Amino acid sequence: MKPFPRAEISAQALKDNLARLRQIAPNSRVMAVVKANGYGHGLMNVANCLTEADGFGLARLEEALALRAGGVKAKLVLLEGFFRQVDLMTLVEHDIDTVIHNEVQLEMLENASLSKPVTVWLKLDSGMHRLGFTPEQFASVYARLEACPQVAKPIHIMSHFACADEPDNSMTVDQLAVFEALTKNSPGYRTLANSAGTLYWPDSQADWIRPGIALYGVSPVMGDLGLNHGLEPAMALVSQLIAVRDHKAGEPVGYGCYWYAKEDTRLGVVAIGYGDGYPRNAPEGTPVWINGRRVPVVGRVSMDMLTVDLGKDAKDSIGDDAILWGKALPVEEVAEHIGTIAYELVTKLTPRVAVCLE
């Protein structure tokens, strides 16, 4: 018997999405971003499915070490870099690349004693103003890295878009111009395109693309769907009806009693709630897919359960599947109803949700 709630992960969808992104960026290597537990899909699940990726991007050293312990031999890149000088020895031991984005990291590198040089990706702040060296700092930092014996050559360069998920925002054009002007003669790899850059800004694809959310079949742009780009949702969040009950007009349901039925109906109780990572603030009308149709959430989402209005003529039964998002009900659409982004929904699932690779 399958557990519930569960996140069903399609191995084929992950592989197909990688292949599709290669079609979209045919001249680029692919750094598959698998941070945040593979965007909630399971770190090793994703890595084992994406063996054709050229490398993997991660946020934390612990994630990279988990991949190495799991037998992953591909290039690994720490997108936030290292936080302590002692970590540099670990990077060298396990052949992990690091991003360098601040003066403290640079000084730790210069003062380190390593058994062999570490591969570095210099982060340029081309306009997002979160991490990275400014354009004015870039030449001097690059020169210091060139002179540093602890740094493998050539030095690679990266940046990150602030507004690539807004296709009409000229900020992306400006960032691309800054990046091109400073890096066009670099002998190392260059990477700038995240999922939105890959899908919407082909001029940004460069030597490597760094798709995250798109690998999982999800569009990074509000109002868009991954399906529109030939991508397939890799996750279906599934639970079950644990109660079906008649409900009279004028009666409330749930904490606070703020929803009242306008007519006689049947309600279904689904075994999932904010304790599983489904947002408590999901408003009335947020869709759930049950027996081939969308039914609306009613009442407040509680820790372990939510309630849906099945309709007065419903024939649904206890034990029927309830799909919170998946191929029939894209997570992008659910996120729009809730007022958040699909990234948050897929990454915030708690350990109570079984992650099942299929």
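Calculation notes
- Chains are numbered independently. Their residues run from 1 in the order of the written sequence.
- In keeping with the model being predicted, local features are shown solely for residues with a pLDDT of at least 70 and side-chain atom pairs are shown and tallied solely at 80 or more, while totals for entire chains, interfaces and linings include all residues.
- To get the side-chain values, take all heavy atoms of the structure and skip hydrogens and water.
- By definition, two strands form a pair when at least two bridges between them are found by DSSP.
- Helix and strand definitions follow DSSP, with helices as H or I runs of at least four residues and strands as E runs of at least two, each counted in order from the N terminus.
- Whether two residues touch is decided by their heavy atoms; if any such pair falls within 4.5 Å, the residues are in contact.
- Orientation is described by lines fitted to C-alpha atoms, with helices fitted over the stretch in contact, and by angles between N-to-C directions that extend from 0 to 180 degrees.
- Boundaries between domains were set according to an automatic or database domain assignment.
- Joining two parts hides part of their accessible area as seen by a 1.4 Å probe, and the buried area is that hidden amount summed over both.
- Salt bridges, as used here, are contacts in which a Lys or Arg side-chain nitrogen is within 4 Å of a carboxyl oxygen on Asp or Glu.
- Each polar contact in these results corresponds to two N or O atoms within 3.5 Å; when the atoms are within protein, one needs to be able to donate a hydrogen and the other to accept it, and residues that are neighboring in sequence are counted only if both atoms are side-chain atoms.
- Under this grouping Gly is polar, as are all residues other than the nonpolar Ala, Val, Leu, Ile, Met, Phe, Trp, Tyr, Cys and Pro and the charged Asp, Glu, Lys and Arg.
- The way it works is a 1 Å grid over only the protein atoms, where trapped points that fit a 1.4 Å probe form a cavity and open points with protein on both sides within 12 Å along at least five of seven lines form a pocket, and then any residue with an atom within 4 Å of a point lines it.
- Grid points are joined across faces, edges and corners, and a volume is the space filled by probe spheres set on the points.
- Nonpolar cores are built from buried Ala, Val, Leu, Ile, Met, Phe, Trp, Tyr and Cys residues. Side-chain atoms within 4.5 Å join them into one set.
- Note on exposure labels: buried denotes an accessible area under 20% of the residue type's maximum, exposed denotes more than 50%, and partly exposed covers the range between, all computed with a 1.4 Å probe on protein chains only.
- UniProt positions are given in the numbering used here, feature names are shortened, and annotations may be inferred rather than shown by experiment.

This part is about the sheet that holds strand β2 (residues 29–33). With respect to topology, eight strands assemble into a closed barrel ordered β2-β3-β4-β5-β6-β7-β8-β9, the strand pairing being parallel. Contacts from helix α4 (residues 61–69) reach β3 (55–58) and β4 (75–78) within the one sheet, and its direction differs from that of β4 by about 165°.

What follows is about the domain arrangement of the protein. What the domain assignment lists for the protein is domain 1 (11–224) and domain 2 (235–357). The straight-line distance from the C-alpha centre of domain 1 to that of domain 2 is 37 Å. Summing both partners gives a buried area of about 1,200 Å² for domain 1 against domain 2, and 69% of it is carried by carbon and sulfur. Taken together, the connections running from domain 1 to domain 2 amount to zero salt bridges. At the junction of domain 1 with domain 2, the criterion picks out one residue pair in polar contact (both at pLDDT 80 or more). Elements that contribute at least two residues to the side of domain 1 that touches domain 2 include exactly α2 (35–39) and α3 (43–49). Within the side of domain 1 that touches domain 2, the residues separate by chemical class into eight nonpolar, seven polar and one charged.

Okay, the layout of surface pockets next. When its volume is computed, the largest pocket comes out at roughly 700 Å³. Considering the residues around the largest pocket, the lining is formed by 29 residues, among which K35, Y39, R130, H160 and N194 are closest to the centre. Where the lining of the largest pocket is concerned, the elements lending two or more residues are α2 and α9 (195–200). Take the lining of the largest pocket: its biggest share by element is three residues, from α2.

Attention shifts here to the nonpolar core. Of all hydrophobic cores here, the largest spans 105 residues; its most connected members are F56, Y278 and W325. For this core, the element with the highest residue contribution is helix α1 (residues 11–24), accounting for five residues. Domain assignment of the residues forming this core places at least three in each of domain 1 (11–224) and domain 2 (235–357). Beyond its immediate chain neighbours, meaning those up to four positions away, Y278 contacts I272, G273, T286, V297, V301, L306, L324, W325, V334 and I338.

Now for the environment of P296. Looking at the secondary structure, you find P296 in strand β13 (residues 293–298). Separated by twelve residues in sequence, P296 and V308 place their C-alpha atoms 5.4 Å apart. Once residues within four sequence positions are removed from consideration, P296 is found in contact with G285, T286, T307, V308 and D309.

The subject of this paragraph is the UniProt feature "domain: Alanine racemase C-terminal" (unreviewed entry) in the protein. Here the UniProt feature "domain: Alanine racemase C-terminal" (unreviewed entry) sits at residues 234–358. Helix and strand shares over residues 234–358 are 11% and 34% respectively, and the end C-alpha atoms of the span are 10 Å apart.

Here we come to unusual backbone geometry. Along the chain, F4 connects to P5 via a cis peptide bond; the corresponding omega equals -5°. Within the fold, P5 resides in the segment before β1 (6–9). A cis geometry characterises the amide bond from K153 onward to P154, with omega recorded as 0°. In this structure, H129 takes a positive phi of about 60° despite not being glycine.

Here we come to the pairing of strand β12 (residues 287–290). Inspection of the sheet shows β12 paired to β13 by four bridges, in the antiparallel sense. Bridged to P287 within β13 is P296. Between β12 and β13, which pair antiparallel and follow one another directly, the connecting turn spans two residues, one of which, N291, has a positive phi of 50°.

Further remarks concern the pattern of salt bridges. Under the defined criterion, the tally for this structure stands at 18 salt bridges. Residues R6 and D321 are paired through a salt bridge, measuring 3.9 Å at the closest nitrogen-oxygen approach. Residue R6 is found in strand β1, and its partner D321 is found in strand β15 (residues 321–325); the two are separated by 315 residues along the sequence. For D246, the salt bridge identified is with R266, shortest N-O distance 2.9 Å. You can see D246 sitting in strand β10 (residues 235–247) and its partner R266 sitting in strand β11 (residues 265–270), a full 20 residues away along the chain.

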